[in-house]
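These are the residues of each chain, in order.
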Amino acid sequence: MANSTQYVLTNLRVAPMQANGENYGGLIENGAIAIDGETIAWVGPVADIPIDYREWPTRECDGALATPGLIDCHTHIVFGGDRANEFEMRLEGASYEEVARAGGGIISTVKATRTASVEELVADALPRLDALIAEGVTTIEIKSGYGLELESERNMLLAARELGELRDINVRTTFLGAHATPPEFKGRADDYINLVAEEMLPQLHKEGLIDAVDGFCEGIAFSPEQIKVVFNAATKLGLPVKLHAEQLSNLGGASLAASFKALSADHLEYLDEAGVKAMAAAGSTAVLLPGAFYTLRETQMPPVQLLRDHQVPISLATDCNPGSSPLTSLLLTMNMGATLFRMTPDECLAATTRNAAKALGFDDRGTLAVGQRADIALWAIQHPAELSYRIGFNPLKARIFGGKL
């Protein structure tokens, strides 16, 4: 007799999202999923349910579509304040660089974040996190990078960890100390990078707060040489790296990240073929962020076809942040990936499930297959293309996290 943590979802259409060459991993009509504790025990047509699972309790799903739980693999969801005034500035013609050089941008959020307690950061972030959870998100990456000094970076990472304790969601924390040069280090970017690499990173790693290390490689941020200092320090500590690269110009950041076997390079509007080939050789994932592209009214599209040609996995994420992408909808992100970047609905769903898992270094989620975590989204729709097709509509019927409804 099955125990209370064993059950079978029935009357489903299933989009397994495995990378087998079929759209959506090969849709299963009249499907079923057997769940054993936190993992998937079996997936397939109802008619083929193995005898071992036929006595397990069943849960009727009324023809819902089952997909893996969605994964938002690039967010800055923990921060203080907002930057609505900069939104107005950009609408009046100011560029992203001009806003930053006028004292806005990342630095304005740094000021607000430094004055916020862990409790305040958590309280501010919860509504944003809840909006994503309500759309079927089961795993999220949360970056630091708005503290730019040890105590405030620690507070951001502590807040991120607490969010994972307050909600049924898996949180991956990323240390982004190399996000911008703080005001007190103006004109001394190298000194700040050394502080990040030699003091902040080792200390926060020692406290168990870091899952990965990121940086911002751009003219308004840090050079490849400076990022290399941080990545060398991360590598010595055994931490994986990822990089904001080629968003506003091509500094060769993606190739640098690939040389460190980076999990991902993100943004990539100005990525060239050499960078694509380097990422392909390294097995790095391309994380595209259409929310920032849209908000900043960019015109340079990331090289989606080149990424396809060289078989670089493509992911999509909200990039939720207070300045360039105040976006808390992964479903809208998928629509933007299709509409702005000409990705197919199949690519958009893969980009927020299996490829997003790869971008975070996970191999136990992102598909509906035996042995995977039972992170599942059930949708009141007929076909998975609807997830990218609709705008501002959430058809989530139920969300299963580690086998728990």
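Note that the coordinates shown come from a computational prediction; the quantities given were computed from them, not determined experimentally.

*Asks:* Help me out: how do you make sense of the overall build of the protein chain in this one?
*Replies:* The number of helices and strands found in the protein chain is 15 helices and 14 strands. Against the 2.2 N^0.38 benchmark of 22 Å for 405 residues, the protein chain shows a C-alpha radius of gyration of 21 Å, consistent with a compact globule. For the protein chain, the spread of C-alpha atoms along the three principal axes comes to 70 × 40 × 40 Å. The buried share of the protein chain, reckoned over its 405 residues, is 58%.

*Asks:* Please explain the side chain of E135 as it appears in this structure.
*Replies:* Take E135: it is sitting in the loop between helix 4 (118-133) and strand 6 (137-143). Buried charge without a salt bridge: E135, with R399 as the nearest opposite-charge side chain at an N-O distance of 11 Å. Reaching out from E135, the side chain makes a polar contact with the side chain of S329 at a distance of 2.8 Å. From its side chain, E135 meets the backbone nitrogen of L330 in a polar contact 2.8 Å long. Apart from the residues within four sequence positions on either side, E135 is in contact with L70, S329, L330, L331, W379, N394 and L396.

*Asks:* Explanation requested: the sheet that holds strand 14 (residues 396-400) in the structure shown.
*Replies:* One key point about sheets: their strands pair by backbone hydrogen bonds, in either a parallel or an antiparallel sense. Read from one edge to the other, the open sheet built from six strands follows the order 3-2-1-4-13-14, with strand pairing classed as mixed. With one partner strand each, in any of the chains shown, strand 3 (39-45) and strand 14 form the two edges of the open sheet. Strand after strand, the sheet turns through a mean of 40 degrees between neighbouring axes, direction not considered. In this sheet, strand 2 (residues 28-36) lies alongside strand 1 (residues 6-14) in antiparallel orientation, the contact comprising six bridges. When the bridges of strand 2 are listed, V14 appears paired with I28.

*Asks:* Looking at this structure, how should I read the side chain of T138?
*Replies:* With respect to the helices, strands and loops of the structure, T138 is situated in strand 6. Other than its neighbours up to four places away in sequence, T138 contacts G69, L70, I169, N170, D375, R399, I400 and F401.

*Asks:* I keep staring at the layout of surface pockets and nothing clicks. Help me out?
*Replies:* A water-sized probe rolled over the atoms picks out the places where empty space is left. The space that makes up the largest pocket amounts to roughly 510 Å³. Lining the largest pocket are 22 residues, and of these A100, R101, I107, T181 and I220 lie nearest its centre. Among the elements of the structure, helix 2 (96-101) and helix 3 (106-114) are those that each provide at least two residues to the lining of the largest pocket. Tallied by class, the residues present in the lining of the largest pocket amount to eleven nonpolar, six polar and five charged. Estimates place the volume of the second largest pocket at around 380 Å³.

*Asks:* Would you take a moment to explain the pattern of salt bridges for this structure?
*Replies:* Two side chains bearing opposite charge may form a pair once their charged atoms approach each other closely. Here the structure, examined in full by the defined rule, presents 16 salt bridges. R154 is the partner of E207 in a salt bridge, and the nearest nitrogen-oxygen pair spans 2.8 Å. With E207 in the loop between helix 6 (189-206) and strand 8 (212-217) and R154 in helix 5 (residues 150-166), this residue pair connects regions lying 53 residues apart in the sequence. Owing to a relative accessible area of 31%, E207 belongs among the partly exposed residues under this scheme. Linking D191 and R188 is a salt bridge whose minimum nitrogen-to-oxygen distance equals 3.3 Å. Here the salt bridges share partners, and the residues they tie into one network are E38, R373 and D375.

Reading guide: rules and limits
Residue positions are given per chain, counting from 1 as you read along its sequence in written order. Only residues with pLDDT of 70 or above have their local features reported here, since the model is predicted, and side-chain atom pairs are shown and tallied only from 80 upward, although totals for entire chains, interfaces and linings are computed over all residues. Calculation of side-chain values draws on the structure's entire complement of heavy atoms; hydrogens and water are dropped beforehand. Working definition: helices are DSSP H or I runs of at least four residues, strands are E runs of at least two. Numbering for both runs from the N terminus. Only C-alpha atoms enter the radius of gyration, while the globule expectation follows 2.2 Å times N to the 0.38, with N the number of residues. A simple rule labels every residue: compare its accessible area, found with a 1.4 Å probe on the protein chains alone, to the largest value its type can have, and call it buried under 20%, exposed over 50%, or partly exposed in between. The sign given to each residue is positive for Lys and Arg and negative for Asp and Glu; His and the chain ends receive no count. Take a side-chain nitrogen of Lys or Arg and a carboxyl oxygen of Asp or Glu: if they are within 4 Å of each other, that pair is a salt bridge. Each polar contact in these results corresponds to two N or O atoms within 3.5 Å; when the atoms are within protein, one needs to be able to donate a hydrogen and the other to accept it, and residues that are neighboring in sequence are counted only if both atoms are side-chain atoms. Note on contacts: a residue pair qualifies if any of its non-hydrogen atoms lie within 4.5 Å across the two residues. Strand pairing is defined by DSSP finding a minimum of two bridges between the two strands. Axis definition: a line fit to C-alpha positions, over the contact stretch in the case of helices; interaxial angles, taken between N-to-C directions, run 0 to 180 degrees. Here a cavity denotes grid points, spaced 1 Å and computed from the protein atoms alone, that fit a 1.4 Å probe unable to get out, and a pocket denotes an open set having protein on both sides within 12 Å along at least 5 of 7 lines; residues with an atom within 4 Å of a point are the lining. Grid points are joined across faces, edges and corners, and a volume is the space filled by probe spheres set on the points. Ten residues, namely Ala, Val, Leu, Ile, Met, Phe, Trp, Tyr, Cys and Pro, are considered nonpolar, four, namely Asp, Glu, Lys and Arg, are considered charged, and the remaining ones, Gly among them, are considered polar.

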